Amino acid sequence: INLKSGVTAFDPKMLVNQTAKLLCPLSLTDMKYSGVSAPTDDSDDLPAWAIALIAVFCSLFVLVLAGACYMFAREKQGKPIFTEVTSEVAKA
C-alpha cells in the first residue's frame, strides 16, 4: 500500500467487482489509471441530407440579401423597383 497518496490501494478490477451490483456500476473505461480506453465514436458527423439542406438555405439567404442590396441601391438612385400602378383611364 502506498501511504503517500493511496491511489494504488484502489485496484481497478476490484472496484469493478465491488460496484457491479449497484445502480451505477463502474467499468474499466471509467478509470483513467486502469489502462483501458473507451472506444471512440465518430457517429457525430452530419448526414448528407443535412449538409445539402444547410447549403440550400445558405444560398437562398445570399439571394435574398443580394436582392435587398439591389433594391436599396435602386432606392438611393431614385428609381424604386416597386412603384404605384396607375392607368391612363383612371386619370381621364
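All of these numbers come straight from a predicted model, not from anything done at the bench. (Residues numbered from 1 in each chain as written. Predicted model: local features only at pLDDT ≥ 70, side-chain atom pairs only at ≥ 80, totals over all residues. Heavy atoms only, no water.)

Some points on the overall build of the protein chain
The cut-off we apply is this: Every helix listed is a DSSP run of H or I at least four residues long, and every strand listed is a run of E at least two residues long, numbered separately from the N terminus. Note on classification: 1.4 Å probe, protein chains only; a residue is buried when its accessible area is under 20% of the maximum for its type, exposed when over 50%, partly exposed between these limits. Here the Shrake-Rupley method, with its probe set to 1.4 Å, supplies the accessible areas, and only the displayed protein chains count as covering residues.
Along the protein chain, the regular secondary structure elements total 3 helices and 0 strands. Helices and strands in the protein chain line up, N terminus first, as α-α-α. Expressed as a percentage of its 92 residues, the buried residues of the protein chain come to 7%. With the model as given, the accessible surface of the protein chain reaches about 8600 Å², and the carbon-plus-sulfur share is 66%.

Considerations on the confidence of the model for the protein chain
How we decide: For every residue, the pLDDT score states the predictor's confidence, bounded by 0 at the bottom and 100 at the top.
Overall, the prediction assigns the protein chain a mean pLDDT of 81, with 76% of residues at 70 or greater. Taken element by element, the predicted model of the protein chain shows its lowest mean pLDDT in helix H3 (residues 88-91) (61) and its highest in helix H2 (residues 48-77) (95).

Section: the side chain of Thr19
As a reminder of what qualifies: In what follows, residue pairs with any heavy atoms lying within 4.5 Å of each other are defined as contacts.
With respect to the helices and strands, the residue Thr19 is situated in the loop between helix H1 (12-18) and H2. The residues contacting Thr19, other than those within four sequence positions of it, are Pro25 and Leu26.

A closer look at H2
For the record, the criterion: Here a helix's expected span is defined as the number of its residues, less one, multiplied by 1.5 Å.
Taking 1.5 Å per residue as the helical rise, H2 with its 30 residues ought to reach 44 Å, and the 44 Å between its terminal C-alpha atoms agrees with that figure. Positive phi shows up at Gly78, right after H2, with a value of about 90°.

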